[in-house]
Amino acid sequence: MASATIVTELERLWYEMEWRKCAADPEYFIRTYIWIESERDPRGREPFGLWDYQEKALDAYLGNRFVVILKARQLGFTTLAMAYALWQCLFKPRANILLISKSQDSADKNLGMARFMYSFLPEWMKARGPELDGDAAKQMIFKFMDGSNNRLKSFAGTKTAGAGETASLVILDEFALMEDPANTYRTIKPTTDAGGKLIIISTARGGSNLFAKIYREGKRGLNEFHSIFEPWMSSRLITEEQYELKKREFVAEPWLFFAEYPSTDDEAFRESGRPRFAWLPAEEECPDFPYHGQLDEGPAGVDFVIDSEMDGYRGPLALVYPPNEIDWNSQFVVAADPSLGVGGDYSAAHVFTMLPDGTPEILAYYHSNTIEPADWAQELDMLGRYFTGVNQPAALMVIENAGGVGVSIIDKLRNQTNYPNLYRYLPPVSARRKRAPVFGFPTTKQTKPLIINRLAEWIAPDEAGQCKMLNVHEKLREELSTYVRRENGTTAADVGCHDDMVMSAAIGLYVLLEELNPVGETFIGEVGQPGTFRLDLSPLYREVEMIRRVEAKADRRFWADHRRRTRRTRRNNGY
């Protein structure tokens with residue numbers, strides 16, 4: 001009898017030592033006591049043996065309040081998060097954990113994963129820990145001896161998910177796939193304000209959504225998140241041969257493949273969003289231009305004033321070289337994409353030249369969302385006269401003319417500043433050799449594919465793997481990475497993104513290649529030499545007029561039907 005008592009006491013002491021060891025070390029708890037579902041094991045379950053990258057992620061959970069994970073498929077990050085959540089429920093009193101996923105079914109599945117893990121814990125651990133007091137479809141409640149409760153709840157990723165909760169831990173799973181991730185995040189983030197933790201886990205779905213923004217800013221140290229990326233190669237479940245097979249399976253929808261099996265974080269974001277530009281130079285190859293400042297006009301003409309680093313102000317104009325290193329015997333094209341200059345809308349421009357070997361080069365860019373259109377016309381006038389090249393009274397000035405602000409800018413350049421070298425559209429070769437009757441570059445459904453396709457050709461790598469066009473800077477690269485193909489076949493900036501830099505670069509490159517001959521051979525632009533007229537734009541204007549006539553006819557038919565219905569109603573009512 002005494003011997004049995006000693007054994008029981010030894011067991012109780014061992015259980016207590018194990019409990020305290022698990023409470024102090026979640027990795028030990030997971031490796032020793034957590035079972036996960038498995039199709040490889042005939043029992044349908046196997047011990048959770050952590051891989052090295054899972055160990056690093058667990059350390060990140062413990063050492064950071066905010067963690068964001070960009071992952072490939074089948075890496076077990078969601079499983080690890082559920083094990084960590086269960087550990088908090090058992091060993092951290094007053095834990096309130098929210099499991100949020102793209103749908104209620106997905107969230108419930110994750111909760112079911114934690115429920116499965118708990119069911120296979122040893123009985124002594126369940127007896128030593130808090131009692132499972134409530135186990136419903138959407139939550140598990142653990143009750144402690146002092147009457148306090150720990151909760152593990154599942155929610156669909158909606159804009160009201162977790163509203164009013166105070167969470168010790170929130171796990172946002174497949175965040176980028178949620179219907180409205182921005183509003184979900186806006187609701188969830190305040191639930192952690194009392195010191196709670198937030199773990200975001202997702203595959204990529206384009207590079208323009210909130211998930212991509214949080215990850216990138218965390219990687220650069222611009223927010224409070226610790227960013228983690230894990231590529232497909234980390235998976236022990238897929239070989240290189242299987243990777244190539246899966247790549248062929250997704251040949252019709254490559255963006256889905258790269259969302260689930262990325263090799264780099266840049267590839268994951270760029271390729272998963274239906275990118276128009278299939279290849280981009282690496283981020284480190286696209287630094288910002290070093291010389292920021294603004295233009296100033298004095299008695300000697302227009303000059304570029306470089307900002308002092310001490311001021312902390314960065315002017316809207318950036319040059320890749322200092323002014324004394326620019327080849328002023330070149331010829332220049334300035335291409336501008338006008339905007340209202342307020343809020344998130346930017347006024348953007350690029351300055352192009354061409355090297356003697358025919359390579360296009362970006363020399364400068366202008367980017368501002370604080371300048372009024374009237375003031376920007378003055379800035380463009382100075383910019384064009386600053387970049388005055390050989391045989392040029394000023395740079396060839398190309399303004400996107402899609403109506404609205406573009407027309408206003410062109411009008412001010414013509415009638416107020418008397419700009420001497422405004423561009424008129426010169427389309428592709430045609431039997432009718434006639435330049436457009438209006439100034440500026442018309443962006444239509446016919447011309448936009450021309451300039452975007454031409455930009456894509458010059459963004460592509462050469463034989464040495466380098467971008468064919470020189471000096472792609474970080475702002476341009478960022479917009480190129482979020483410029484996508486739409487399901488209707490058109491191309492545009494992704495939702496919530498901008499294309500000001502893309503459009504100004506595309507227009508400038510197109511005009512440069514179409515208009516500029518090797519330096520010194522001939523004049524660029526129309527002053528002094530009219531250039532070659534190659535296409536009549538009258539079909540475009542006829543199409544616009546036809547659309548207007550169709551719309552007017554439809555309006556007349558609508559109002560005629562409305563009047564007939566009104567008269568009929570009045571007759572039926574005895575009026």
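Notes on the structure in this doc start here. (Residues numbered from 1 in each chain as written. Predicted model: local features only at pLDDT ≥ 70, side-chain atom pairs only at ≥ 80, totals over all residues. Heavy atoms only, no water.)

1. With respect to the overall build of the chain
The following threshold applies: Numbering of helices and strands runs from the N terminus; a helix is a DSSP stretch of H or I covering at least four residues, while a strand is a stretch of E covering at least two. For every residue, the accessible area (1.4 Å probe, protein chains only) is compared with the maximum for its type, and the residue is labelled buried under 20%, exposed over 50%, or partly exposed between those bounds. Residues count as neighbours in contact if any of their non-hydrogen atoms are within 4.5 Å of one another.
When helices and strands are counted, the chain shows 17 helices and 19 strands. Counting the 575 residues in the chain, one finds 50% classified as buried. Long-range contacts, defined as pairs at least 24 residues apart, comprise 68% of the intrachain contacts of the chain with a sequence gap of at least 6.

2. As for the side chain of aspartate 265
Spelled out, the test is: Each polar contact in these results corresponds to two N or O atoms within 3.5 Å; when the atoms are within protein, one needs to be able to donate a hydrogen and the other to accept it, and residues that are neighboring in sequence are counted only if both atoms are side-chain atoms.
Within the secondary structure layout, aspartate 265 lies in helix H11 (residues 265-271). Judged by its relative accessible area of 12%, aspartate 265 falls in the buried class. One polar contact links aspartate 265 to lysine 219, side chain to side chain, over a distance of 2.6 Å. Setting aside residues up to four positions removed in sequence, aspartate 265 forms contacts with Leu70, Tyr215, Lys219 and Phe229.

3. A closer look at the pairing of strand E14 (residues 333-337)
To be explicit about the condition: A pair of strands is treated as paired once DSSP finds two or more bridges between them.
Within E14, 5 of the 5 residues are buried, leaving the element largely enclosed by the surrounding structure. Both faces of E14 are covered, namely the face carrying Val333, Ala335 and Asp337 and the face carrying Val334 and Ala336. Note that E14 and strand E15 (residues 347-354) share 5 bridges and pair antiparallel. Across the sheet, the residue bridging to valine 334 is valine 351, located in E15. Alignment of E14 against strand E17 (residues 396-399), held across 4 bridges, turns out to be parallel. Looking at the pairing, valine 333 lines up with leucine 396 of E17.

4. Some remarks on helix H5 (residues 104-119)
Operational definition: Expected span of a helix: the number of residues minus one, times 1.5 Å.
Here H5 is 16 residues long and its end C-alpha atoms lie 22 Å apart, about the 22 Å a rise of 1.5 Å per residue gives. Among the residues making up H5, those that are buried are Ser106, Ala107, Asp108, Asn110, Leu111, Met113, Ala114, Phe116, Met117 and Tyr118.

5. Observations regarding the packing of helix H4 (residues 77-91) against H5
Filter applied, for reference: Axis lines are fitted to C-alpha atoms, over the contacting stretch for helices. Their N-to-C directions set the angle, which ranges from 0 to 180 degrees. Every angle not falling under 35 degrees, over 145, or within 65 to 115 is termed oblique; those three ranges are roughly parallel, roughly antiparallel and roughly perpendicular. Here is the rule for handedness: rotate from the far helix to the near one, and if that takes an anticlockwise turn smaller than a right angle the crossing is left-handed, while a clockwise turn gives right-handed. In this classification, Asp, Glu, Lys and Arg are treated as charged, Ala, Val, Leu, Ile, Met, Phe, Trp, Tyr, Cys and Pro as nonpolar, and every other residue, Gly included, as polar.
Remark: H4 packs on H5, axes separated minimally by 9 Å, with the N-to-C direction vectors making an angle of 60°. When the axis of H4 is compared with that of H5, the two are oblique. Between H4 and H5 lies a crossing whose hand is right-handed. Residues Thr78, Thr79, Met82, Ala83, Leu86 and Leu90 of H4 touch H5, and the partners they reach there are Asn110, Met113, Ala114, Met117 and Tyr118. Of the residues in the contact of H4 with H5, the class split is 8 nonpolar, 3 polar and no charged.

6. Examining the nonpolar core
What counts, and what does not: For the purposes of this section, nonpolar cores are sets of buried Ala, Val, Leu, Ile, Met, Phe, Trp, Tyr and Cys residues that join through side-chain atoms within 4.5 Å.
Core analysis: the largest hydrophobic core is formed by 74 residues, its most contacted members being Phe387 and Met469. Per-element tally for this core: the top contributor is helix H16 (residues 500-515), with 10 residues. The contact partners of phenylalanine 387, leaving out residues within four places of it in the chain, are Ile326, Trp328, Phe332, Val351, Leu363, Ala364, Gln392, Ala394 and Ala395. Counting residues in hydrophobic clusters, the runner-up holds 56 residues, among them Leu86, Ile228, Ile238 and Phe258.

7. Brief notes about helix H7 (residues 181-188)
Each turn of an α-helix holds 3.6 residues, which means side chains three or four residues apart point in the same direction. Operational definition: Arc definition: directions from the helix axis to the C-beta atoms.
Buried within H7 are the following residues: Pro181, Thr184, Tyr185, Thr187 and Ile188. One face of H7 carries all of its buried residues, which in axial projection span an arc of 160°. Buried positions along H7 lie against strand E4 (96-101), strand E8 (169-173), strand E9 (197-202) and helix H8 (210-219).

8. Brief notes about the environment of glycine 164
Its location among the elements puts glycine 164 in the loop between strand E7 (149-156) and E8. For glycine 164 and isoleucine 188, which are 24 residues apart along the polypeptide, the C-alpha to C-alpha distance reads 9.1 Å.

9. Looking at the sheet that holds E7
The strand order across the open sheet built from 8 strands is E5-E6-E7-E4-E8-E9-E3-E10, with neighbouring strands paired in mixed fashion. Lying at the two open borders of the sheet, with one neighbouring strand each, are strand E5 (131-135) and strand E10 (226-230). Averaged over neighbouring strand pairs, the angle between their axes works out to 15° when direction is ignored. With 5 bridges connecting them, strand E3 (residues 66-71) and E10 associate as parallel partners. Bridge pairing links leucine 70 to phenylalanine 229 in E10. Of the strands in this sheet, E3, E4, strand E6 (139-143), E7, E8, E9 and E10 are in contact with H4, which crosses E8 at around 165°. Against the sheet, H5 engages E4, E5, E6, E7 and E8, with an angle of about 145° to E7.

10. Considering unusual backbone geometry
A positive phi angle, close to 60°, is found at asparagine 391, a residue other than glycine. Note on asparagine 391: relative accessible area 44%, which makes it partly exposed. The backbone phi angle of asparagine 471 is positive, close to 70°, even though this residue is not glycine. Examined against the element boundaries, asparagine 471 turns out to sit in the loop between helix H14 (447-459) and helix H15 (474-481).

11. So, the pairing of E7
Inspection of the sheet shows E4 paired to E7 by 6 bridges, in the parallel sense. Residue pairing for E7: leucine 99 is matched across the bridge by serine 154. The sheet contact formed by E6 and E7 spans 5 bridges and is antiparallel. Paired with lysine 143 across the strands is asparagine 149, a residue of E7. Connecting the antiparallel pair E6 and E7 is a turn made up of 5 residues, with glycine 147 showing a positive phi of about 95°.

12. A word on the pattern of salt bridges
Spelled out, the test is: Each reported salt bridge corresponds to a side-chain nitrogen of Lys or Arg within 4 Å of a carboxyl oxygen of Asp or Glu.
Overall, the coordinates contain 19 salt bridges when judged by the stated rule. In this structure, the salt-bridge partner of arginine 12 is glutamate 9, at a minimum N-O distance of 2.7 Å. Here arginine 12 pairs with glutamate 9, and both are found in helix H1 (residues 2-24), just 3 residues apart, close to one helical turn. In this structure glutamate 9 comes out as partly exposed when scored by relative accessible area, which is 35%. Across the pair glutamate 457 and arginine 454 runs a salt bridge whose closest N-O atoms are separated by 4.0 Å.

13. With respect to the state of the cysteines
Counted only if it meets this: In plain terms, two cysteine sulfur atoms within 2.5 Å form what is called a disulfide here.
The full count for this structure, using the stated rule, is 0 disulfides. Of all cysteine sulfurs in the structure, the one in cysteine 467 sits closest to cysteine 286, which takes part in no disulfide; the separation is 7.3 Å.

14. A closer look at a positive patch on the surface
Quick note on the threshold: By definition, no residue in a patch forms a salt bridge, and every one has over 30% relative accessible area; like charges are joined within 9 Å, nonpolar side chains (Val, Leu, Ile, Met, Phe, Trp, Tyr) within 5 Å. Note on areas: these come from Shrake-Rupley sampling with a 1.4 Å probe, and a residue is covered only by the protein chains present in the view. The charge count includes Lys and Arg as positive and Asp and Glu as negative, but it does not include His or the ends of the chains. Charged groups are reduced to one reference atom each: NZ for lysine, CZ for arginine, CG for aspartic acid, CD for glutamic acid.
There is a patch of like positive charges on the surface, built from Arg563, Arg565, Arg567, Arg568 and Arg571. Here arginine 571 lies in helix H17 (residues 538-572).

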